[in-house]
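Summary of structural features
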2 protein chains.
Amino acid sequence: MESVRANIHVGVDMSFEAHLKATVLGVEGAVACSLMGFDGIAVETYQPQSTIGSSVDVQGAWIEYSSILSQLKNTAEILRTGDVVEVHVGTEKLSTLIRLVNSEYFIVLGMLPEGNIGKGRYLLRLAAPELKAEL
Amino acid sequence: MESVRANIHVGVDMSFEAHLKATVLGVEGAVACSLMGFDGIAVETYQPQSTIGSSVDVQGAWIEYSSILSQLKNTAEILRTGDVVEVHVGTEKLSTLIRLVNSEYFIVLGMLPEGNIGKGRYLLRLAAPELKAEL
């Protein structure tokens, strides 16, 4: 955690990465974390080398999810259910937690299906306002 | 819970309702539970009178979610992430948990945002195979 904290003051990009890295390292079973736009383009991603090249296309899934998330936002507006705050999609091989940062960006955390969802939700809730302040 | 158990042997529809009712009564903050098809049509719904007529259009939201769920299923097939197992959509006024029952139906639980998501996930995990066996 020392190096993560040290990165916070280096620059904007490093700061984003520090938050994403801290989230991945803090959740059992986490494989990757990104700050993404609703257009499906990642601003910054932290994915440990050990999880790259697995059979699951994590980034591909998230690009698709970003489009679905846009639809959920529209649905929420039409149905007066209030803004979308967070979304979880659990598939047999990948568990994905999403938390909205602002109207343009969201933070997304990928975990193994047996990953700690409760801890993930908690850390995304902490990270979102910090990322928002830096955007 | 006595009456819920008594309903189980009355008939197929009553049995569906018994599972839905037991789920709503077992989760703090739950407002409604439905067994729905991916076409957005509810097979059976349990919604306590006290929660009907609130400002949030729970059923309307779920019809929209069923369409989004179909897209998530297609995405999972394309991206080899395995079948979709469960989905959570948290908005400012409504927290919705979805668990797939089979390729045609899913169970959906609506809660207040402060509802107990962990308990909801647990009870849907128990209810899904029972509903599947009766479909």
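Worth saying up front: this structure is predicted, and the values here are computed from it rather than measured.

Each value, and the rule that gives it
- Residues numbered from 1 in each chain as written.
- Chains lettered and ligands numbered in written order.
- Predicted model: local features only at pLDDT ≥ 70, side-chain atom pairs only at ≥ 80, totals over all residues.
- Heavy atoms only, no water.
- Contact = heavy atoms within 4.5 Å.
- Buried area = accessible area lost by both parts, 1.4 Å probe.
- Salt bridge = Lys/Arg side-chain N within 4 Å of Asp/Glu carboxyl O.
- Polar contact = N/O pair within 3.5 Å; in protein donor to acceptor, adjacent residues only side chain to side chain.
- Helix = DSSP H or I, 4+ residues; strand = E, 2+ residues; numbered from the N terminus.
- 1 Å grid on protein atoms, 1.4 Å probe; cavity = no way out; pocket = protein on both sides within 12 Å on 5 of 7 lines; lining within 4 Å.
- Points joined across faces, edges and corners; volume = space filled by probe spheres on them.
- Nonpolar A, V, L, I, M, F, W, Y, C, P; charged D, E, K, R; others polar.
- Buried < 20%, exposed > 50% of the residue type's maximum accessible area, 1.4 Å probe, protein only.
- Pairing = 2+ DSSP bridges.

1. Details of the interface of chain B and chain A
Counting residues at the interface gives 29 residues for chain B and 29 residues for chain A. Roughly 2,500 Å² is buried in total at the junction of chain B and chain A, and carbon and sulfur atoms are behind 60% of that figure. Our enumeration of links across chain B and chain A arrives at zero salt bridges. If you look at where chain B meets chain A, you find twelve residue pairs in polar contact (both at pLDDT 80 or more). Elements with a contribution of two residues or more to the side of chain B that touches chain A: α3 (58–79), β3 (84–91) and α4 (117–134) of chain B. Examining the composition of the side of chain B that touches chain A, we find that nine residues originate from one element, α3(B), more than from any other.

2. Quick look at empty space enclosed by the protein
Counted by the stated rule, this structure contains three cavities of 30 Å³ or more. Approximately 50 Å³ is the volume attributed to the largest cavity. Forming the walls of the largest cavity are A:E86, A:V87, A:H88, A:L97, A:I117, A:R121, B:H88, B:L97, B:I117 and B:R121. No other element matches the three residues that strand β3 (residues 84–91) of chain A contributes to the lining of the largest cavity. Classifying every residue of the lining of the largest cavity gives five nonpolar, two polar and three charged.

3. A word on the pairing of strand β1 (residues 30–37) of chain B
All names here are of chain B. With respect to burial, β1 is a largely interior element, eight of its eight residues being buried. With seven bridges connecting them, β1 and strand β5 (residues 105–111) associate as antiparallel partners. Bridged to S34 within β5 is V108. Where β1 lies against strand β2 (residues 42–46), four bridges are found, and the strand directions are antiparallel. Paired with L35 across the two strands is E44, which belongs to β2. Linkage of β1 to β2, two consecutive antiparallel strands, is achieved through a turn of four residues, within which G40 is found at a positive phi near 90°.

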